[in-house]
Amino acid sequence: MLTVQRATDFTCDLANALLAPALGQPVTAVHTAPLGEGVGLMSAIARATLTLADDTQRTVVFKYPAETANADIAKGLNYYRNELNFYRELAADSPIEVPACLHASIDEATQDFLLILEDRQDAPAGDQLRDCDEALMGRAFTRAGELHGRFWSRTQAYPWLTPHNEPAANRFRRDAIFRPGVAPTLERFGELFTGNSAETVAQIAERFVELFELAMAGPQTFIHGDYRTDNMLLPEQGGMQDIIAVDWQNCGSGKGPHDIAYFSAQSCGAALRGDVELAQLRRYHDVLVGSGVRGYSFDECLHDYRLNLMITMITPVAVCGTLDPGNERGVALGRTMLTRSLAAMESMDCADLLQTL
């Protein structure tokens, strides 16, 4: 297997071995550059500019294992296998547009991988440091509803899907990511915690396995698992902003509201809390019903949404207290995620729900 450990490993020889047949001519030169500062915490991502024999140029985006200790966590959670399986077997059926996959390979023993995707430079990249507006929130909830509705109670047809509710993985998330991250997060960003929010987050960490099982119980569907604006391209289509979803590393079978709770907590600021948030949740539920989902009430959807807001707190805690943030943007991203996630839990009275469980 041809492997990439650094962006500069993406050479002419590798490009010709993997891409020349599809390009129709040899690659004579390759220039690589990291794709965005602070983009990609769990894997590395870069752009390759390929000069072809006829002196024209093509660009592709490629992903490979993170160049930090984060790669060990990603491998422990099967992130790299998940994403390659998605592009190999499920991308064509996704109602959310995704980049075309040009190559996908993985070493099953080491989980070193290489994923080469079309470069959609025509579509602006989402920026999680900017607050999402109501229109994009609505689009994200709608597209998620379409995805979940299509695969609702159909995940057994895809035996490669990793269940999100898997006891060993839940314990790994708790013991390797959430618990170790709480104290450093409080030390570095303690000013963001108000009222009893620090105690609530600590309780969620300790009860994470139990809460994860509750949040994922019931009918399963296919979920993205890391559904946020940094993992989206935002093209204009038909006079409105649409979504191209990238970074399917945490995809698998799980509960649909997980994706929208994650999006809201990670990407939406204070202006979208309360009535706006509830209206978008109703939109999501309407899309599910319109897709043929039956026996799942809005009240159940709301309850699952609140549960999933709690377990998605693992992500800002991981970025702020467990993982290597990589650079200044990574630190700013962690602060932004944490601020929004705490506000989302407060808006939905998650601390009160926690005490009833």
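Residues numbered from 1 in each chain as written. Predicted model: local features only at pLDDT ≥ 70, side-chain atom pairs only at ≥ 80, totals over all residues. Heavy atoms only, no water.

Remarks on the confidence of the model for the chain
Of all residues in the chain, 97% have pLDDT values of 70 or greater, and the mean over the chain is 92. Mean pLDDT across the elements of the chain bottoms out in strand β8 (residues 236-237) (84) and peaks in helix α10 (residues 298-311) (98). (pLDDT = per-residue confidence, 0-100. Helix = DSSP H or I, 4+ residues; strand = E, 2+ residues; numbered from the N terminus.)

As for the nonpolar core
The nonpolar side chains of soluble globular proteins are, as a tendency, buried together. Counting residues in hydrophobic clusters, the biggest one holds 87 residues, and the most contacted among them are F86 and F178. With residues up to four places along the chain from it excluded, the contact list for F86 reads A91, S94, V98, W160, F222, W248 and C251. Counting 18 residues, the second largest nonpolar core, distinct from the first, contains F10, L19, A44 and A46. (Core = buried A, V, L, I, M, F, W, Y, C linked by side-chain atoms within 4.5 Å. Buried < 20%, exposed > 50% of the residue type's maximum accessible area, 1.4 Å probe, protein only. Contact = heavy atoms within 4.5 Å.)

Points about the pattern of salt bridges
Under the defined criterion, the tally for this structure stands at 23 salt bridges. Taking the shortest distance from any N to any O, the salt bridge between R329 and D230 comes out at 3.0 Å. Here R329 is found in helix α12 (residues 328-347), whereas its partner D230 is found in the loop between β6 (221-223) and β7 (232-233), with 99 residues between them in sequence. Exposure remark for R329: the relative accessible area of 14% places this residue in the buried category. For D230, a relative accessible area of 14% translates into the label buried. The network of salt bridges with common partners includes D127, D226, R228, D230 and R329. (Salt bridge = Lys/Arg side-chain N within 4 Å of Asp/Glu carboxyl O.)

A closer look at the sheet that holds strand β1 (residues 27-34)
Sheet architecture is open: five strands sit in the order β1-β2-β3-β5-β4, paired in antiparallel fashion. Edge strands, defined here as strands with exactly one partner in the open sheet, are β1 and β4 (101-106). Across the sheet, the mean angle separating the axes of adjacent strands is 25 degrees when strand polarity is ignored. Examined bridge by bridge, strand β2 (residues 43-52) and strand β3 (residues 57-65) share nine bridges and lie antiparallel to one another. Each residue of the ladder has a partner; that of A44, found in β3, is Y64. Sheet strands in contact with helix α1 (residues 12-23) are β1, β2, β3, β4 and β5 (113-118), and its direction is about 110 degrees off that of β1. (Pairing = 2+ DSSP bridges. Axes fitted to C-alpha atoms, helices over the stretch in contact; angles between N-to-C directions.)

Overview of the environment of P235
Tracing the backbone through its elements, the reader meets P235 in the loop between β7 and β8. Sequence separation between P235 and D13 is 222 residues; the distance between their C-alpha atoms is 33 Å. For P235, the contacting residues outside a window of four places in its chain are A123, P124, M240, Q241, D242, I243 and I244.

What to know about the environment of Q111
Mapped onto the secondary structure, Q111 falls in the loop between β4 and β5. Spatially, the C-alpha atom of Q111 lies 22 Å from that of A318, the residues being 207 residues apart in sequence. Among all residues touching Q111, those that are not within four sequence positions of it are K75, N78, Y80, R81 and I106.

Some details on α10
The terminal C-alpha atoms of α10 lie 20 Å apart, and with 14 residues this matches the ideal 20 Å at 1.5 Å per residue to within 8%. Of all 14 residues making up α10, ten are buried, and the element is well covered by its neighbours. Turning to α10, its buried residues are F298, C301, D304, Y305, R306, L307, N308, L309, M310 and I311. (Expected span 1.5 Å × (residues − 1).)

Some details on α1
For α1, built from twelve residues, the straight-helix expectation of 16 Å at 1.5 Å per residue is missed by more than 12%, its first-to-last C-alpha distance being only 13 Å. Within α1 the residues assigned to the buried category are L14, A15, L19, A20 and L23. Buried-residue contacts for α1 involve β1, β2, β3, β4 and β5. Where α1 ends, the next residue or the one after it, G24, has phi of about 85 degrees, a positive value.

Let's talk about the environment of D72
Tracing the chain through its elements places D72 in helix α2 (residues 70-76). Each C-alpha atom of the pair D72 and M42 lies 9.0 Å from the other, and the pair is 30 residues apart in sequence.

Focus: unusual backbone geometry
In this structure, D247 is a non-glycine residue whose phi angle is positive, near 60 degrees. Looking at where D247 falls in the secondary structure, it is placed in the loop between β10 (244-245) and β11 (252-254). A positive phi is found at D349, a non-glycine position, where the angle reads about 50 degrees. Residue placement: D349 occurs in the loop between α12 and α13 (350-356). By relative accessible area, D349 is classed as partly exposed at 43%.

What to know about the state of the cysteines
Within this structure, the stated rule accounts for zero disulfides. Residue C350 stays outside any disulfide, its sulfur separated by 14 Å from that of C301, the closest cysteine. In this structure C350 comes out as buried when scored by relative accessible area, which is 0%. (Disulfide = S-S within 2.5 Å.)

Things to note about the side chain of T51
Position of T51 among the secondary structure elements: in strand β2. Exposure remark for T51: the relative accessible area of 18% places this residue in the buried category. Among the polar contacts made by the side chain of T51, one reaches the side chain of Q57 at a distance of 3.3 Å. Apart from residues lying up to four places away in sequence, T51 is in contact with P26, V27, T28, A29, T56 and Q57. (Polar contact = N/O pair within 3.5 Å; in protein donor to acceptor, adjacent residues only side chain to side chain.)

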